[in-house]
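Each chain is listed here by its residues.
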Amino acid sequence: MKEVLSPFEDHRFECVMCGECCCSRSIPLTCEDIKRISRYRDPKDFVVIFGERKLVLDRREWDSGCVFLRDGMCTIQEDKPLVCRLYPICVSDYPLTKEEGKNIELDDGSSAFVYVDVSCKGVGRGKLVDLEEIRRDALVLRNEVFATDLEALIGWYIDYEEEEPEEKESD
Ligand code: SF4
Ligand code: SF4
């Protein structure tokens, strides 16, 4: 599945549970995403460095699927990363394609460009996407991205991966 971003214009969406978006994309993580998902698994079992600049969700080798995907369903639905929560909507501080996305104002006075990935099979079905919900989630995402000290987080991750397992005490 190749992402095809189009400016948002009152699209409809209903997920058909094809699972394709969970097998084709790198999902960037905020610090808060990692904390929330750590309830389910140890971070070393789901976080990887992508391109030395991002921490992303790990994917399985056999189908490129996210490690939290089972039978086409997300197993951390309530705590999935914000980027997944917004999908098939994508928001950004800057235009992501030659065409500017729909420009929306957020409650902190900033603005964001909104796109929809029209390669998603659920786009065009179901209910109209609620723009208010996008505005709320986009602000949470923006705040969490700003609050994420990427250098420190990647440093933490590298130290964490290199940590020696504690020696077990002998009986
Ligand atoms: S969001 Fe779209 S691509 Fe992802 S599982 Fe639902 S219908 Fe499929
Ligand atoms: S966290 Fe859930 S929604 Fe996000 S890619 Fe993984 S399985 Fe899909």
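Source: prediction; values computed, not measured. (Residues numbered from 1 in each chain as written. Chains lettered and ligands numbered in written order. Predicted model: local features only at pLDDT ≥ 70, side-chain atom pairs only at ≥ 80, totals over all residues.)

Focus on the overall build of the protein chain
- When helices and strands are tallied, the protein chain shows four helices and 10 strands.
- Listed by position from the N terminus, the elements making up the protein chain come as β-β-α-β-β-β-β-α-β-β-β-β-α-α.
- The C-alpha extent of the protein chain, read off along each of the three principal axes, is 65 × 40 × 25 Å.
- Buried positions account for 20% of the 171 residues belonging to the protein chain. (Helix = DSSP H or I, 4+ residues; strand = E, 2+ residues; numbered from the N terminus. Buried ≥ 20, exposed ≤ 12 C-beta atoms within 10 Å, placed from the backbone.)

A word on the site of ligand 2
- Lining the immediate surroundings of ligand 2 are Cys22, Ile27, Leu57, Cys66, Phe68, Leu69, Cys74, Ile76, Lys80, Pro81 and Cys84.
- For the shell around ligand 2, a count of residues per class yields 10 nonpolar, no polar and one charged. (Near = placed C-beta within 6 Å. Nonpolar A, V, L, I, M, F, W, Y, C, P; charged D, E, K, R; others polar.)

Here's the deal with the site of ligand 1
- Ligand 1 sits among Cys15, Val16, Met17, Cys18, Gly19, Glu20, Cys21, Tyr87, Pro88, Cys120, Lys121 and Gly122.
- Looking at the shell around ligand 1, its residues break down into eight nonpolar, two polar and two charged.

Some words on the confidence of the model for the protein chain
- Per-residue pLDDT for the protein chain averages 88, and the proportion of residues at 70 or more is 94%.
- The least confident element of the protein chain is helix α4 (residues 150-162), whose mean pLDDT is 72; the most confident is strand β2 (residues 12-13), at 97. (pLDDT = per-residue confidence, 0-100.)

Digging into the nonpolar core
- Core analysis: the biggest nonpolar cluster contains 27 residues, and Ile89, Val91 and Val114 have the highest contact counts within it.
- Put simply, the parts of the chain that give this core at least two residues each are β4 (54-57), α2 (82-86), β7 (89-92), β9 (111-117) and α3 (131-147).
- In terms of residue count, β9 provides more of this core than any other element does, five residues in total.
- Sequence-distant contacts of valine 114, defined by excluding residues within four places in its chain, comprise Phe8, Ile89, Val91, Gly101, Lys102, Ile104 and Ile134. (Core = buried A, V, L, I, M, F, W, Y, C linked by C-beta atoms within 7 Å. Contact = placed C-beta atoms within 7 Å.)

Let's talk about the pairing of β9
- With five of its seven residues buried, β9 lies for the most part within the structure.
- Strand direction decides the pairing type here: strand β1 (residues 5-7) and β9, joined by three bridges, are antiparallel. What sits directly across from leucine 5, in β9, is aspartate 117.
- The pairing of β7 with β9 spans four bridges and is antiparallel. Within the sheet, the bridge partner assigned to cysteine 90 lies in β9 and is tyrosine 115. (Pairing = 2+ DSSP bridges.)

Regarding unusual backbone geometry
- Cis peptide bonds are those with omega within 30 degrees of zero, and the linkage from tyrosine 87 to proline 88 qualifies with 10°.
- Residue placement: proline 88 occurs in the loop between α2 and β7.
- You will see that serine 64, though not glycine, has its phi angle at about 60°, which is positive.
- With respect to the helices and strands, serine 64 occurs in the loop between β4 and β5 (69-70).
- Serine 64 sits in the exposed class, given 11 other C-beta atoms within 10 Å.
- The backbone phi angle of aspartate 71 is positive, close to 50°, even though this residue is not glycine.
- Note on placement: aspartate 71 falls in the loop between β5 and β6 (73-74).

Some points on α3
- The end-to-end C-alpha distance of α3, which contains 17 residues, comes to 24 Å, matching closely the 24 Å that a straight helix rising 1.5 Å per residue would cover.
- All of the buried residues in α3 are Ile134, Ala138 and Leu141. Buried residues of α3 fall within an arc of 65° about the axis and therefore sit on the same side. Turned more than 90 degrees away from the buried face of α3, the exposed residues are Glu132, Glu133, Phe146 and Ala147.
- Looking at the packing, one finds that the buried side of α3 touches α2, β7 and β9. (Expected span 1.5 Å × (residues − 1). Arc of directions from axis to C-beta.)

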